[in-house]
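Structural features, examined
Take a look at the letters that make up each chain.
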Amino acid sequence: MITDEVKIKVQAGQGGDGVVAFNKVKMSLGPTGGKGGLGGSVYFQGVSDLTALNKYKRKRDYYAEDGKDGRGDKSTGHGGKDLILTVPIGSVVHNLTTEKDFEITQVGETILAAKGGIGGRGNFYFRSPVNTSPEKYEKGKLGENFEFFIELRLIADVGLVGLPNAGKSSLLNELTRAKARVADYPFTTLEPNLGVMDRLILADIPGLIEGASRGKGLGIKFLKHIQRTKVLVHCLSLESEDLLKDYKIVRQELENYNPELSQKPEIIFLTKSDLFSDEIIKAKMKILGEKNKKIIAISILDERSLVEAKKLIFSLF
Ligand SMILES: Nc1nc2c(ncn2[C@@H]2O[C@H](COP(=O)(O)OP(=O)(O)OP(=O)(O)O)[C@@H](O)[C@H]2O)c(=O)[nH]1
Ligand SMILES: [Mg+2]
């Protein structure tokens, strides 16, 4: 299962305290208290594992290590260990405290989430001609603490959309080596599936229904995953009694969710063409047919139509 939304709290480490110490050797009396070490910072780092957010469902609070106190020989305490929190590439991280957002799109990309506090100075740093035996020191500063909302948006080139049962997952399986579940009832797909077709990443999301953009069905939760795609492939089953209505329902939901989605280049695949004669297909295609629409009939049982489908997709890249 892919977790695609989590809220976590992070706390960077506190700086170590400065120390009060004196040299006990007669010839070199004087303050020797060192500085506290730097508190550990918290970072986010991109990984390719799409399930990397799952762990944040179980545990929500994260702490980096505190810096160690300074030492009596003028030396600085050890720094606290940094904490690295892995997130899948495609994560959008919202800092709920500062309201700043950032995106992680590359494996290994590392972004500072919360900075560790600096260590306090020990009494060695407060020596002066007028006070050769200062007892003064500073406490380490607190590390930053923030609350984050992390949202995964899959990075795909092509998004497969359509009503439930339109044949989206079947098509994904044919065009890529994905093994998405396929069945003859609506809402077979409960989580997005990804597949790779040559260099393109295809994302298959759960079927959309009327009202999806207002939260009906499953679709809304996953529309964000196609927000970054370049092209939408709209699957419409030829089995439908009213293709135009089906088409409009999905287009309307895309538009309602985010008008940018409906601006993306779109290809229409009329699916399950093996079940119908050429005449019927032609007639049905006409119903949708505006001249400038890219539209073809396909079947997972017709290899030639799948080659055409691939070509059409690639023509938009
Ligand atoms: N005859 C025929 N059946 C197909 C074809 N493509 C898909 N199907 C069948 O249509 C049904 C639905 O296919 P899915 O791929 O699960 O549809 P989906 O759009 O992913 O459905 P959801 O995940 O529920 O939204 C399954 O029974 C498939 O076997 C096709 O080209 N020809
Ligand atoms: Mg499916």
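Given the structure is predicted, the values throughout are model-derived calculations rather than measurements.

1. Digging into the pattern of salt bridges
Evaluation of the coordinates by the stated rule reveals nine salt bridges. One salt bridge connects Glu 151 with Arg 153, and the closest N-O pair in it is separated by 3.5 Å. A single burial state applies to Glu 151 and to Arg 153, both of which are buried. Here the salt bridges share partners, and the residues they tie into one network are Asp 4, Glu 5 and Lys 224.

2. Quick word on the coordination of the magnesium ion (ligand 2)
Tetrahedral coordination by four donors sets the ideal angle at the metal to 109.5 degrees; octahedral coordination by six donors sets it to 90 or 180 degrees. Looking at the magnesium ion (ligand 2), the protein donor atoms are Ser 169 (OG) and Thr 189 (OG1), and they sit 1.9 to 2.1 Å from it. Here Ser 169, found in helix H2 (residues 168-175), pairs with Thr 189, found in the loop between H2 and strand E12 (193-197); they are 20 residues apart in sequence, far enough to count as distant. Ser 169 gets classed as buried once you look at its relative accessible area, which sits at 7%.

3. Remarks on the site of ligand 1
Around ligand 1, a shell composed of 21 residues is seen, among which Lys 168, Ser 170, Phe 187, Thr 189 and Asp 274 lie nearest. At a separation of 3.3 Å, an oxygen atom of ligand 1 approaches a polar backbone atom of Ala 183. Side-chain polar atom of Ser 299 to an oxygen atom of ligand 1: 3.5 Å apart, as the coordinates give it. Protein chains shield 88% of the accessible area of ligand 1, which is 650 Å² for the free molecule. The class makeup of the residues in the shell around ligand 1 is nine nonpolar, eight polar and four charged.

4. Topic: the environment of Asp 49
Among the secondary structure elements, Asp 49 is positioned in the loop between strand E4 (42-47) and helix H1 (55-58). According to the relative accessible area criterion, Asp 49 is partly exposed, its value standing at 39%. The spacing of Asp 49 and Ser 170 is 121 residues in sequence and 24 Å in space, taken between C-alpha atoms.

5. A few points about the packing of helix H4 (residues 243-257) against helix H6 (residues 278-288)
Across the interface, H4 lies against H6 with an axial gap of 9 Å and an inter-helix angle of 45°. Judged by the angle between their axes, H4 and H6 are oblique. In this structure, the crossing between H4 and H6 has a hand that is right-handed. Contacts between H4 and H6 involve Leu 243, Leu 244 and Tyr 247 from the former and Lys 284, Ile 287 and Leu 288 from the latter. Counted by class, the contact of H4 with H6 contains five nonpolar, no polar and one charged residues.

6. Some points on the side chain of Asn 123
Here Asn 123 lies in the loop between strand E9 (110-114) and strand E10 (145-152). At 3.1 Å, the side chain of Asn 123 and the backbone oxygen of Ala 21 are in polar contact. If near-sequence neighbours (up to four positions away) are discounted, Asn 123 is found in contact with Val 19, Val 20, Ala 21, Phe 22, Pro 31, Thr 32, Gly 33, Pro 134, Lys 136 and Tyr 137.

7. Quick notes on the packing of H2 against helix H7 (residues 303-314)
H7 packs onto H2 with a crossing angle of 90° between their chain directions and a minimal axis gap of 11 Å. In terms of orientation, H2 lies roughly perpendicular with respect to H7. In this structure, H2 uses Leu 171, Glu 174 and Leu 175 to contact H7, whose residues at the interface are Leu 306, Lys 310 and Ile 313. Here the contact of H2 with H7 is composed, by residue class, of four nonpolar, no polar and two charged.

Thresholds, definitions, all that
- Residues numbered from 1 in each chain as written.
- Chains lettered and ligands numbered in written order.
- Predicted model: local features only at pLDDT ≥ 70, side-chain atom pairs only at ≥ 80, totals over all residues.
- Heavy atoms only, no water.
- Salt bridge = Lys/Arg side-chain N within 4 Å of Asp/Glu carboxyl O.
- Buried < 20%, exposed > 50% of the residue type's maximum accessible area, 1.4 Å probe, protein only.
- Donors = N, O, S within 2.8 Å, 3.2 Å for Na, K, Ca; no water.
- Helix = DSSP H or I, 4+ residues; strand = E, 2+ residues; numbered from the N terminus.
- Near = heavy atom within 4 Å.
- Polar contact = N/O pair within 3.5 Å; in protein donor to acceptor, adjacent residues only side chain to side chain.
- Areas by Shrake-Rupley, 256 points an atom, 1.4 Å probe, with all protein chains shown as cover.
- Nonpolar A, V, L, I, M, F, W, Y, C, P; charged D, E, K, R; others polar.
- Axes fitted to C-alpha atoms, helices over the stretch in contact; angles between N-to-C directions.
- Parallel < 35°, antiparallel > 145°, perpendicular 65-115°, else oblique.
- Left-handed = near helix turned anticlockwise from the far one by under 90°.
- Contact = heavy atoms within 4.5 Å.

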